[in-house]
Amino acid sequence: MKLVVPKEIVAGERRVAVVPESVKKLTKAGVQVFVQEDAGLAAGVRDVDYADAGAEIIPDAKDLYARGELILKVEPPTQNEAVGAHEVELMPPGAILVATLQSLRNLDTVRRLTARKVTAFSMNMIPRTTRAQTMDVLSSQATAAGYKAVLLGAAASGKFFPMLTTAAGTIRPARVFVIGAGVAGLQAIATARRLGAVVEAFDVRRAVKEQVQSLGATFVEIDIDEDAETAGGYAKEVSAEYLAKEEKLLHERCRASDVVITTAQVFGKSAPRLISEDMVRHMSPGSVIVDLAAEGGGNCALTEPGKTVGKHGVTIIGELNLPATMPIHASQMYSRNVTAFLLEFFKDGKFNLRLEDDIIKAALITHEGQVVNEMVRKALSAG
Ligand code: NAD
């Protein structure tokens, strides 16, 4: 089985899908690995490191793709201007692609993959179950984003995070408020605590209260008998009464905070709008909002996806791809996730698609010229 790792070409993407430690593992499983020249450079990996791990370096993207029985990427395939072709057109018909496809936002790419008869798996469809934990790209990359969000918030804030006792007097610690205590939120809480801030957090799932407290933060609560957690541990949408009470609480907590980090999302829905313009207006000048949900429309009404803007004296950061700004460790984690996924195909000692496996089935988007994933199929037929 020949596996190829192209250089990512999306602007600002510095990660690479596979790092040398994974090349070694895959080679052991009988996979022949080919890596495009300089594919890992921005993620701190030289061609010589890949070669030492057993990969062959291929200078040209076209030559590389032509060998691909298995193609491993981070970003969804896109137009390669240097080659003058869409990456899907470079893939041999019948090839297997594993990437973070974000299929619902990239329906054109799904159409191309179907036409090319590519069997495509999307790492962002891996279920968040115990068995799939080692393959959970959403979690590993959200960890990087939660960490970096705090660093961005700290850098944009005019305040120290820790309490300082100096000859110039005592400086009070910064107050950080984290909305949504899922994977990114918990990492944001931990990072802000490590920097010495006083941290509060809120989530509609009460089950996370203990986790928040164990990180040294305060869990703020709403006085209502409603828990928005599904039996599977996910958040569900809340009632109008709940949202009204949440709005009041968030208004108060945002007003009292120096840095607000928002990470609220409900799977398959656009980001809940939790911070209104009025709330921003009431925050202290010099405060910062880091909106991690910018890509899904933003938790803050004033967020401009991909931009940092100043509104009513508050800096609002809507960066879209924070894991790409942590390329060394984010690639290492992505590579481990994707390798764990690939090794599922080699369970019987030789390669087998094993489409009956629940994790593999959940990640499958296109196969044999058909769109297999139901949500994506519906989105396509809705036009
Ligand atoms: P997650 O599902 O683990 O966490 C989201 C949390 O939001 C859950 O705990 C959920 O209960 C909570 N939530 C839902 N509705 C809420 C509400 N109304 N009020 C308060 N909390 C609510 O998701 P995650 O993996 O931590 O990702 C969080 C966000 O970060 C997502 O929007 C994701 O797309 C984004 N993200 C952004 C980047 C980036 O670079 N900007 C990178 C990775 C992830």
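Keep in mind that what you see is a predicted model, and the values were worked out from it rather than measured.

## Examining the pattern of salt bridges
Should the charged atoms of two oppositely charged side chains come close, the side chains can pair.
Part 1: Within this structure, the stated rule accounts for 29 salt bridges.
Part 2: One salt bridge connects R112 with D108, and the closest N-O pair in it is separated by 3.2 Å. Separated by 4 residues within a single helix, R112 and D108 lie in helix α5 (residues 107-115), roughly one turn from each other.
Part 3: Two residues, R281 and E277, come together in a salt bridge whose shortest N-O distance is 3.9 Å.

## Comments concerning the packing of aromatic side chains
Part 1: Scanning the model with the defined rule gives 5 aromatic pairs in all.
Part 2: Between F121 and F341, the ring centres sit 5.6 Å apart and the planes meet at 70 degrees, which makes this aromatic pair edge-to-face. In this pair, F121 is assigned in strand β8 (residues 119-122) and F341 in helix α11 (residues 327-343), connecting sequence segments 220 residues apart. Both residues of the pair, F121 and F341, count as buried.
Part 3: Relative to F345, the ring of F341 lies with its centre 5.3 Å away and its plane at 80 degrees, an arrangement referred to as edge-to-face. Residue F341 shares its accessibility class with F345, and that shared class is buried.
Part 4: Taken together, F121, F341, F345, F346 and F351 form an aromatic cluster joined through their ring pairs.

## What about the side chain of S122?
Part 1: Tracing the backbone shows S122 in strand β8.
Part 2: The exposure class of S122 is buried, given its relative accessible area of 0%.
Part 3: Polar contacts involving the side chain of S122 include one to the main-chain amide nitrogen of L101, which spans 3.0 Å.
Part 4: Sequence-distant contacts of S122, defined by excluding residues within four places in its chain, comprise A99, T100, L101, Q102, S103, A363 and I365.

## A closer look at the environment of G313
Part 1: Within the element layout of this structure, G313 appears in the loop between β16 (308-311) and β17 (314-317).
Part 2: Taking the relative accessible area as the measure of exposure, G313 reaches 46% and is therefore partly exposed.
Part 3: Considered as a pair, G313 and V33 are 280 residues apart in the sequence and their alpha carbons are 52 Å apart.
Part 4: Setting aside its immediate chain neighbours within four residues, G313 contacts P285, G286 and S287.

## Observations concerning the sheet that holds β16
Sheet strands associate in pairs through backbone hydrogen bonding, adopting either a parallel or an antiparallel arrangement.
Part 1: Spatially, the 7 strands line up as an open sheet ordered β13-β12-β11-β14-β15-β17-β16, and their pairing is mixed. Two strands bound the open sheet, and with one partner strand each, they are β13 (218-219) and β16.
Part 2: Here 5 bridges tie strand β11 (residues 175-179) to strand β12 (residues 198-202), and the two strands are oriented parallel to one another. Note that in β12 the partner of V176 across the bridge is V199.
Part 3: Along the sheet, helix α6 (residues 137-156) contacts β14 (259-262), β15 (288-291) and β17; its crossing angle with β15, the most-contacted strand, is approximately 155 degrees.

What counts, and where the lines are drawn
- Residues numbered from 1 in each chain as written.
- Predicted model: local features only at pLDDT ≥ 70, side-chain atom pairs only at ≥ 80, totals over all residues.
- Heavy atoms only, no water.
- Salt bridge = Lys/Arg side-chain N within 4 Å of Asp/Glu carboxyl O.
- Helix = DSSP H or I, 4+ residues; strand = E, 2+ residues; numbered from the N terminus.
- Phe/Tyr/Trp six-rings, centres within 6.5 Å; stacked < 30°, edge-to-face > 60°.
- Buried < 20%, exposed > 50% of the residue type's maximum accessible area, 1.4 Å probe, protein only.
- Polar contact = N/O pair within 3.5 Å; in protein donor to acceptor, adjacent residues only side chain to side chain.
- Contact = heavy atoms within 4.5 Å.
- Pairing = 2+ DSSP bridges.
- Axes fitted to C-alpha atoms, helices over the stretch in contact; angles between N-to-C directions.

In short, geometric facts, not functional conclusions.
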